[in-house]
Amino acid sequence: MMSYKICLLPGDGIGPEVIACAKDVLTALPLELDFAESGIGFEEFQRSGSPLPDSTLQAIRHADATLFGAVTTPPAIPNYFSPVVRMRQSLDLYANLRPTRSIPHESSRPNIDILIVRENTEGLYSGIERLEDDGDRAITERVITRKGSERIIRKAFDMARQTNRKSVHVVHKANVLRQTCGLFRSVAFEIAKEYADIELKEMLVDTCAMELVRAPEQFEVVVTTNLFGDILSDEACMFVGGLGVAASGNIGAEAAVFEPVHGSAPPLMGTGKANPVAMFLATAMMLDYLNEVESAQRLRNAVNACILNGESTPDLSGELTTNQVTEKVIEKI
């Protein structure tokens, strides 16, 4: 049996609660796992002076995979930065994968199975900003590179092929952003020639936002730039149960970090109302990444069985606490 080193980043708010649930669920699976915890987020900043210490980056690098809870990023605090954006850039976690699948619940539309593949290190989140004109003019540079575009688009086509999907939508705004989106679009058409078995479709981002609402079933894989992917993936998850069940993976050549999409949700801390399902689905993504496909499917099946039985937290109209949902999932595993 393979043994895996798993780095846990509990973070802030409900992060430690859902990470503890994930650890319990992983322990119930027939896997050999070695867990190590590291600090990230606002509490870590107050403790050590950095929201993302070098020791945490090293722990992620040395792990086979990492599970991350959530962080609080308060605005306008001197020397504070977004540890999530910094982590993605420092570890070159260039691909953000956001699966959007129907769940067996009345809040979810049926027959939706979309994978949004979002570029994760450049675009409008490149962090190059400045003030001019005595603070009356603010400028952010949108950086799109050929290398960044090639690898994210290739990732989207590879994921389509691995999951037996027949089409990839490249989503852009090249009619207005002619240089940046223009480069992203042209690279997509170049890469598509290497994948004759998969159809490349293109869509403007505003049209895509509309079409997601009108007929989400038409999409299989969507690949797009950083900001567009951030917005569209949050929109898409609302068709299948909302943020409480939305998971994501940040994948690079040498490291991978999996997380629920929800934030640190301070008002839910300690109330037992935090939905652990997003964390469980992020954990299943991690198991797929580690090629423990059978365990990943067992976990997803257990989660879906609980949702189908109404064994869920209040956001999915259930009456169970965070820990009670975890116990039910473990029973079904």
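Residues numbered from 1 in each chain as written. Predicted model: local features only at pLDDT ≥ 70, side-chain atom pairs only at ≥ 80, totals over all residues. Heavy atoms only, no water.

## What about the sheet that holds strand E5 (residues 113–119)?
For step 1, the next point in the chain: Strand order across the open sheet formed by 10 strands is E2-E1-E3-E12-E11-E4-E5-E10-E8-E9, with mixed pairing between neighbours. The sheet terminates laterally at strand E2 (32–37) and strand E9 (199–204), the two strands that pair on one side only. Averaged over all adjacent pairs, the angle separating strand axes in this sheet is 25°, with direction ignored.
For step 2, the next point in the chain: As paired elements, strand E11 (residues 247–251) and strand E12 (residues 256–260) share 5 bridges and run antiparallel to each other. Residue pairing in the sheet places Ile 251 in a bridge with Ala 256 of E12.
For step 3, the next point in the chain: Against the sheet, helix H9 (residues 277–289) touches strand E1 (3–11), strand E3 (65–70), strand E4 (95–101), E11 and E12, its axis set at about 160° to E12. (Pairing = 2+ DSSP bridges. Helix = DSSP H or I, 4+ residues; strand = E, 2+ residues; numbered from the N terminus. Axes fitted to C-alpha atoms, helices over the stretch in contact; angles between N-to-C directions. Contact = heavy atoms within 4.5 Å.)

## As for the packing of aromatic side chains
For step 1, the next point in the chain: Within the structure shown, the criterion is met by 5 aromatic pairs.
For step 2, the next point in the chain: Judged by centre distance (6.2 Å) and plane angle (20°), the rings of Phe 42 and Phe 45 are stacked. Here Phe 45 and Phe 42 lie together in helix H2 (residues 42–48), a separation of 3 residues that amounts to about one turn.
For step 3, the next point in the chain: Seen from their ring centres, Phe 45 and Tyr 80 are 5.0 Å apart, and the 90° between their planes marks the pair as edge-to-face. One end of the pair, Phe 45, is in helix H2; the other, Tyr 80, is in the loop between E3 and helix H4 (83–90), with 35 residues separating them in the sequence.
For step 4, the next point in the chain: Taking relative accessible area as the criterion, Phe 45 reaches 15% and is therefore assigned buried.
For step 5, the next point in the chain: Between the NZ or CZ atom of Arg 86 and the centre of the ring of Phe 81, over which it lies, the distance is 3.7 Å.
For step 6, the next point in the chain: Its guanidinium or amino end placed over the ring of Phe 239, Arg 109 lies 5.7 Å from that ring's centre, counting from NZ or CZ. (Phe/Tyr/Trp six-rings, centres within 6.5 Å; stacked < 30°, edge-to-face > 60°. Buried < 20%, exposed > 50% of the residue type's maximum accessible area, 1.4 Å probe, protein only. Lys NZ or Arg CZ within 6 Å of the ring centre and 35° of its normal.)

## Looking at the side chain of Arg 300
For step 1, the next point in the chain: Among the secondary structure elements, Arg 300 is positioned in helix H10 (residues 293–308).
For step 2, the next point in the chain: If near-sequence neighbours (up to four positions away) are discounted, Arg 300 is found in contact with Arg 101, Leu 281, Ala 284, Met 285 and Asp 288.

## Examining the pairing of E3
For step 1, the next point in the chain: Counting buried positions along E3 gives 6 out of 6 residues, so the element sits mostly inside the fold.
For step 2, the next point in the chain: Of the pairings in the sheet, the one linking E1 to E3 comprises 5 bridges and is parallel in character. Each bridged residue has a counterpart across the sheet, and for Leu 8 the counterpart in E3 is Leu 67.
For step 3, the next point in the chain: Sheet topology places E3 next to E12; 2 bridges connect them, and they run parallel. The partner of Thr 66 across the bridge, within E12, is Val 257.

## Looking at the environment of Ala 246
For step 1, the next point in the chain: Its place among the elements puts Ala 246 in the loop between helix H8 (226–237) and E11.
For step 2, the next point in the chain: Ala 246 sits 44 residues away from Glu 202 along the chain, and the two C-alpha atoms are 25 Å apart.
For step 3, the next point in the chain: For Ala 246, the contacting residues outside a window of four places in its chain are Arg 98, Cys 237, Pro 260, Val 261 and Ala 278.

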